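Given next are the chains, with one letter for each unit.
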Amino acid sequence: MKDNTMKRITTILLALVVAATGTMCALNSPPEPTNAPPEMAETSDGVRVEDMMVEMDDGVHLATTVYYPIGEGPWPAVLTRTPYGRSGEHEWGLDVAEYGVAFVIQDTRARFDSEGEDMSFFADREDGQATLEWIVAQPWSNGRVMTIGGSARGITQYAMAPGAPDALRCQWIEVAT
């Protein structure tokens, strides 16, 4: 039952990504091995996973994991920012990347592996917008980003929306008031 629900959610998510980006993401053959950073791992399905620290405007580093699709890109991206810990979203990241969409998950300020002082959503506008700008600046990005999440992950989306860069094409906010 859980697998079917996840597949249904992934299908809906990808339909929204296609609608938001205006393009269908083609799955390509995996690229030849390159001099990828040693912290990047490749799954048995060819999805590449990289953990990193992304610097915010005030110098604080937020723990971020990127799931890269098979192929060369550039790709649209799905972003979720969470105070719950990014490790719980591993399967979701793999599923989304298998469909040709980069998946970016980030621990919010002072949560889990991120630095800084816990400000309970007060830094989420600046941090969320800085993360969107970071995604767009990456060579693998096609400049189109969707955000997703419920509960506190939805609140982080509300916070980043006012004044967000044009790269933010749509948001899927659930159960977040």
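Look a little higher up for the structure.
Reading the values: rules and limits
Residues numbered from 1 in each chain as written. Predicted model: local features only at pLDDT ≥ 70, side-chain atom pairs only at ≥ 80, totals over all residues. Heavy atoms only, no water. Core = buried A, V, L, I, M, F, W, Y, C linked by side-chain atoms within 4.5 Å. Buried < 20%, exposed > 50% of the residue type's maximum accessible area, 1.4 Å probe, protein only. Helix = DSSP H or I, 4+ residues; strand = E, 2+ residues; numbered from the N terminus. Contact = heavy atoms within 4.5 Å. Axes fitted to C-alpha atoms, helices over the stretch in contact; angles between N-to-C directions. Parallel < 35°, antiparallel > 145°, perpendicular 65-115°, else oblique. Nonpolar A, V, L, I, M, F, W, Y, C, P; charged D, E, K, R; others polar. Salt bridge = Lys/Arg side-chain N within 4 Å of Asp/Glu carboxyl O. Patch = residues over 30% accessible without salt bridge, like charges linked within 9 Å, V, L, I, M, F, W, Y side chains within 5 Å. Areas by Shrake-Rupley, 256 points an atom, 1.4 Å probe, with all protein chains shown as cover. Lys, Arg positive; Asp, Glu negative; His and termini not counted. Charge placed at Lys NZ, Arg CZ, Asp CG, Glu CD. Pairing = 2+ DSSP bridges. Phe/Tyr/Trp six-rings, centres within 6.5 Å; stacked < 30°, edge-to-face > 60°.

Undergrad: Would you mind showing me how to read the nonpolar core here?
TA: Looking at soluble globular proteins, one finds that nonpolar side chains tend to be buried together. Counting residues in each nonpolar core, the largest one holds 21 residues, and the members touching the most others are Val66, Leu79, Trp134, Ile135 and Trp140. At the level of secondary structure, the elements contributing two or more residues to this core comprise strand E2 (48-55), strand E3 (61-68), strand E4 (75-82), strand E5 (102-107) and helix H3 (124-137). Other than its neighbours up to four places away in sequence, valine 66 contacts Arg48, Val49, Glu50, Met52, Phe103, Val104, Trp134 and Trp140. Core analysis: the second largest hydrophobic core is formed by 15 residues, Leu94, Val101, Phe103 and Cys170 among them.

Undergrad: Would you mind showing me how to read the packing of H3 against helix H4 (residues 152-160) here?
TA: Describing two packed helices takes the angle between their axes plus the distance from one axis to the other. Between H3 and H4, the shortest axis-to-axis distance is 7 Å and the interhelical angle comes to 80 degrees. In terms of their interaxial angle, H3 and H4 are classed as roughly perpendicular. Here Asp124, Arg125, Gly128, Gln129 and Leu132 of H3 come into contact with H4, specifically with Thr156, Ala159 and Met160. Across the contact of H3 with H4, the residue classes break down as three nonpolar, three polar and two charged.

Undergrad: What's the story with the environment of glutamate 126 in this structure? I'm lost.
TA: Looking at the secondary structure, you find glutamate 126 in helix H3. You can call glutamate 126 partly exposed: its relative accessible area is 45%.

Undergrad: Help me understand the side chain of threonine 108, please; the structure alone is not making it clear to me.
TA: Mapped onto the elements, threonine 108 comes out in the loop between E5 and H3. Beyond its immediate chain neighbours, meaning those up to four positions away, threonine 108 contacts Leu62, Arg81, Thr82, Pro83, Ser114, Asp124 and Thr156.

Undergrad: Sorry, what's going on with the pattern of salt bridges here?
TA: Pairing of side chains with opposite charge becomes possible as their charged atoms draw close. Inspection of every chain in the model, using the stated rule, returns eight salt bridges. Residue arginine 153 pairs with glutamate 89 through a salt bridge whose shortest N-O separation is 2.4 Å. Of this pair, arginine 153 sits in helix H4 while glutamate 89 sits in the loop between E4 and helix H2 (90-98), and the two are 64 residues apart along the sequence. Exposure class is identical for arginine 153 and glutamate 89. Each is buried. Put simply, Asp51, Arg86, Asp107 and Asp113 are held in one network by salt bridges that share partners.

Undergrad: I keep staring at a negative patch on the surface and nothing clicks. Help me out?
TA: Together, Glu55, Asp57, Glu115, Glu126 and Glu133 line one region of the surface with negative charge. You can see aspartate 57 is positioned in the loop between E2 and E3. With a relative accessible area of 71%, aspartate 57 lands in the exposed category.

Undergrad: What am I meant to see in the pairing of E2 here?
TA: Looking down a regular strand, the side chains alternate between one sheet face and the other. In terms of strand pairing, E2 meets E3 through eight bridges, oriented antiparallel. Bridge pairing in E3 places valine 49 opposite tyrosine 67. Here E2 folds back onto E3 in antiparallel fashion, the turn holding five residues, of which glycine 59 has a positive phi close to 90 degrees.

Undergrad: Looking at this structure, how should I read the packing of aromatic side chains?
TA: Each aromatic ring pair is summarised here by two numbers: the centre-to-centre distance and the angle between the ring planes. Per the stated rule, a full pass over the model turns up four aromatic pairs. Judged by centre distance (6.4 Å) and plane angle (70 degrees), the ring pair of tryptophan 134 and tryptophan 140 falls under edge-to-face. In terms of burial, tryptophan 134 and tryptophan 140 fall into one category: buried. Put simply, the rings of Tyr67, Trp92 and Phe103 pair up and form one aromatic cluster.

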